[in-house]
Amino acid sequence: SAVISQKPSRDICQRGTSLTIQCQVDSQVTMMFWYRQQPGQSLTLIATANQGSEATYESGFVIDKFPISRPNLTFSTLTVSNMSPEDSSIYLCSAYLADYNEQFFGPGTRLTVL
Amino acid sequence: AQTVTQSQPEMSVQEAETVTLSCTYDTSESDYYLFWYKQPPSRQMILVIRQEAYKQQNATENRFSVNFQKAAKSFSLKISDSQLGDAAMYFCAYRIKETSGSRLTFGEGTQLTVNP
């Protein structure tokens, strides 16, 4: 299987600031995904991040608010910009491993915006 | 667009008993995957079981089994001999079958409580 780590595991931020979440995979992967899980709700895909190309955003999510980097095959970052209390959520990254035909998830980052 | 629906926000079961979680989905695709994920309070998403749409045989993983009804677009999870460690949020999910992998679409989730 794959080991996926995220940093930070949690953070409390002030309104108007930005936070960058890091996601590290212990294998080289082509496709990585960023999900948001609002309190008590399901996972919603923010964007798909393929190495070497621009991230593909889902409806309702825009690059200016959630810029994503994918500099190599094992790493990605998601920035939550100009935060408001409505951005308080768990943010999870995942990676698709073709050898297992499965998406593996990181442990999530719990973000609270005051 | 594909949708996944879980109509049971909460379920409870007595330890050692059996419980079934329901899931329905909608898709125009003929080949796809269905999954059940478990999310305990630690937030870690754990794959419980996977079903390939073209396989008629229902998937089984130890105490976990599914009832896959393709025509009815139904995909329920049965947990036998429930254990306290089974208590978690369970998500049903769908993915198109592509060689390069694709996004997961999740249901709303079912919170399972296991009573001692």
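Each remark here, short or long, concerns the structure printed above.
Definitions and limits used
- Sequence order as written defines the numbering, with residues in each chain counted from 1.
- Here the convention is simple: chains get letters from A, ligands get numbers from 1, in the order in which they are written.
- Local features are withheld for residues below a pLDDT of 70 in this predicted model, meaning they are given only at 70 or higher, and side-chain atom pairs are given and counted only at 80 or more; totals for whole chains, interfaces and linings count all residues.
- Where side-chain values are given, they derive from all heavy atoms of the structure, hydrogens and water being excluded.
- The criterion for a disulfide is a pair of cysteine sulfur atoms lying within 2.5 Å.
- Helix and strand assignments follow DSSP, with helices taken as H or I runs no shorter than four residues and strands as E runs no shorter than two, numbered in order from the N terminus.
- Between buried and exposed lies partly exposed: a residue is buried under 20% and exposed over 50% of the maximum accessible area for its type, with that area taken using a 1.4 Å probe on protein chains only.
- Any two strands are treated as partners once DSSP identifies two or more bridges connecting them.
- Whether two residues are in contact is decided by their heavy atoms, any of which lying within 4.5 Å being enough.
- Note: buried area is the sum, over both parts, of the accessible area (probe 1.4 Å) each one loses when the two are combined.
- Whenever a carboxyl oxygen of Asp or Glu lies within 4 Å of a side-chain nitrogen of Lys or Arg, that contact is scored as a salt bridge.
- Under this definition, polar contacts are N or O atom pairs within 3.5 Å; protein pairs additionally need one hydrogen-donor-capable and one acceptor-capable atom, and for neighbouring residues in sequence, both atoms have to be side-chain atoms.
- Each residue gets one label: Ala, Val, Leu, Ile, Met, Phe, Trp, Tyr, Cys and Pro are nonpolar, Asp, Glu, Lys and Arg are charged, and the others, such as Gly, are polar.

A.B. asks: Describe the state of the cysteines, with residues and values.
C.D. replies: This model, assessed by the stated rule, comprises 2 disulfides over all chains. One disulfide bridge connects Cys-23 of chain A with Cys-93 of chain A, the sulfur atoms lying 1.9 Å from each other. Here the S-S torsion is close to 70°, and the disulfide linking Cys-23 of chain A with Cys-93 of chain A is therefore right-handed. Residue Cys-23 of chain A is found in strand E3 (residues 19-25), and its partner Cys-93 of chain A is found in strand E9 (residues 89-97); the two are separated by 70 residues along the sequence. One disulfide in the model links Cys-23 of chain B with Cys-92 of chain B; its S-S distance is 2.0 Å. In this structure the cystine formed by Cys-23 of chain B and Cys-92 of chain B twists about its S-S bond by roughly -70°; its chirality is therefore left-handed. With Cys-23 of chain B in the loop between strand E3 (19-21) and strand E4 (24-26) and Cys-92 of chain B in strand E10 (residues 88-96), this residue pair connects regions lying 69 residues apart in the sequence. Residue class for Cys-23 of chain B comes out buried when judged on its relative accessible area of 1%. Unpaired in this structure, Cys-13 of chain A has its nearest cysteine sulfur neighbour in Cys-93 of chain A, at a distance of 17 Å.

A.B. asks: Quick one: what's the story with the pairing of strand E5 (residues 32-39) of chain B, residue by residue and with numbers?
C.D. replies: Residue and element names in this part refer to chain B. Buried residues dominate E5, accounting for 8 of its 8 residues. Burial along E5 is two-sided: the residues Tyr-32, Leu-34, Trp-36 and Lys-38 and Tyr-33, Phe-35, Tyr-37 and Gln-39 are all buried. When E5 meets E10, the two strands line up antiparallel, connected through 8 bridges. If you follow Tyr-32 over to E10, its bridge partner there is Ile-96. Alignment of E5 against strand E6 (residues 46-52), held across 6 bridges, turns out to be antiparallel. Following the sheet pairing, Trp-36 is matched in E6 by Ile-49. Joining the antiparallel neighbours E5 and E6 is a turn of 6 residues, in which Arg-43 adopts a positive phi near 80°.

A.B. asks: Describe in detail the environment of Ser-28 of chain B, supporting the description with residues and values.
C.D. replies: All names here are of chain B. With respect to the helices and strands, Ser-28 occurs in the loop between E4 and E5. Given the relative accessible area of 75%, Ser-28 is considered exposed. C-alpha separation for the pair Ser-28 and Gln-2, spaced 26 residues apart in sequence, amounts to 7.8 Å.

A.B. asks: Describe the interface of chain B and chain A, naming the residues involved and giving the relevant values.
C.D. replies: Counting residues at the interface gives 21 residues for chain B, matched by 24 residues for chain A. When the two sides are added together, the surface that chain B and chain A hide from each other amounts to roughly 1800 Å², 46% of it contributed by carbon and sulfur. Its largest share of buried area at the contact with chain A, chain B owes to Arg-43, Arg-103 and Phe-106 of chain B, together 34% of the area lost on that side. Here Arg-103 of chain B and Glu-58 of chain A are joined by a salt bridge, their closest N and O atoms 2.9 Å apart. Summed over the shared surface of chain B and chain A, the number is 12 residue pairs in polar contact (both at pLDDT 80 or more). Of all the secondary structure elements, the ones that give two or more residues to the side of chain B that touches chain A are E5, E6 and E10 of chain B. Top element by residues in the side of chain B that touches chain A is E5 of chain B. It accounts for 3 residues. Across the side of chain B that touches chain A, the residue classes break down as 7 nonpolar, 8 polar and 6 charged.

Purely geometric numbers; function is a separate question.
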